[in-house]
Amino acid sequence: MRVYVPLTLPALAEAHEAGELGPGPLTAYAVTPALREWYVSDDIEELEYAALNRAASASLRMLAGSRGAARRRVVVAVDVPDAEAAVDPDHGLAVSTLGEVRLARAVPLAKAAAVHVDSDDAEADVRAAADALGAADQGDDDAQFTVDGAEDHELLWFATQEIPNIVD
C-alpha cells in the first residue's frame, strides 16, 4: 500500500539522518475505503492524489505548530504492507480524518518511493496559510481563503536520492 507521511523540512532532515521515518506510531494518509466513498472515484491515480493532498494539509498543520520550520509542506510517499497501515473504523466518514492511517512502527526511509515538497515560490502562501489555520478552524472565511491559497500550489516530486539536497 502506498501511504503518504506528512512532515516538515526539519523532520525530513531527521529522518534522513536516522534512515527512517519514526518513531512510531506515525500518522499517514492512504486510499482507504472512507476516502474512496467520499471521493467517489475508481481512478487510483485520482484517489492517491487525494491522499497526497490530505497529507499536505496535515503537513501544513505541523508547520502551524512549528514556528522555526521553513514554510514548505513535505510529504514522503512510502510503500508498506497493507497490514501495517491500520485504519481507525471509529472515524468513519469524518472529513477531518478521511484517508488517515496509523503505522505502528518506524518505516525505513529506503522504502520511500518519492518525496513531495513545496517549491520556493510557495513559501509566502504556505506561511500565510499556517498563520491563518487557527482562525480558519474557527470558521473565519477570510482565513479559510488564505489556507486554500496554499493548496493552489502543487507539491514538487523528488527522488529519494535528492533528499540531501532538499534538507540542505
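So, a few notes on the structure that sits alongside this text. (Residues numbered from 1 in each chain as written. Predicted model: local features only at pLDDT ≥ 70, side-chain atom pairs only at ≥ 80, totals over all residues. Heavy atoms only, no water.)

Quick word on the overall build of the protein chain
Of regular secondary structure, the protein chain possesses six helices and nine strands. Here the C-alpha radius of gyration of the protein chain, 15 Å, is about what a compact globule of 168 residues would show, namely 15 Å. Seen through its principal axes, the protein chain has C-alpha atoms that stretch 40 × 40 × 25 Å. When burial is assessed residue by residue, the protein chain has 43% of its 168 residues classed as buried. In the protein chain, the proportion of contacts linking residues at least 24 apart, taken out of those at least 6 apart, comes to 77%. Summed over all atoms, the accessible surface of the protein chain reaches about 8800 Å², with 50% contributed by carbon and sulfur. Side chains of the protein chain carry 12 positive and 31 negative charges; the gap between the two charge centres is 5 Å. (Helix = DSSP H or I, 4+ residues; strand = E, 2+ residues; numbered from the N terminus. Rg over C-alpha atoms; globule rule 2.2 N^0.38 Å. Buried < 20%, exposed > 50% of the residue type's maximum accessible area, 1.4 Å probe, protein only. Contact = heavy atoms within 4.5 Å. Areas by Shrake-Rupley, 256 points an atom, 1.4 Å probe, with all protein chains shown as cover. Lys, Arg positive; Asp, Glu negative; His and termini not counted. Charge placed at Lys NZ, Arg CZ, Asp CG, Glu CD.)

Focus on a negative patch on the surface
Together, Asp121, Asp125, Asp148, Glu151 and Asp152 give the surface a local cluster of negative charge. As for its placement among the helices and strands, Asp121 is situated in the loop between strand E8 (112–117) and helix H4 (123–137). Residue classification places Asp121 among the exposed positions, given a relative accessible area of 61%. (Patch = residues over 30% accessible without salt bridge, like charges linked within 9 Å, V, L, I, M, F, W, Y side chains within 5 Å. Salt bridge = Lys/Arg side-chain N within 4 Å of Asp/Glu carboxyl O.)

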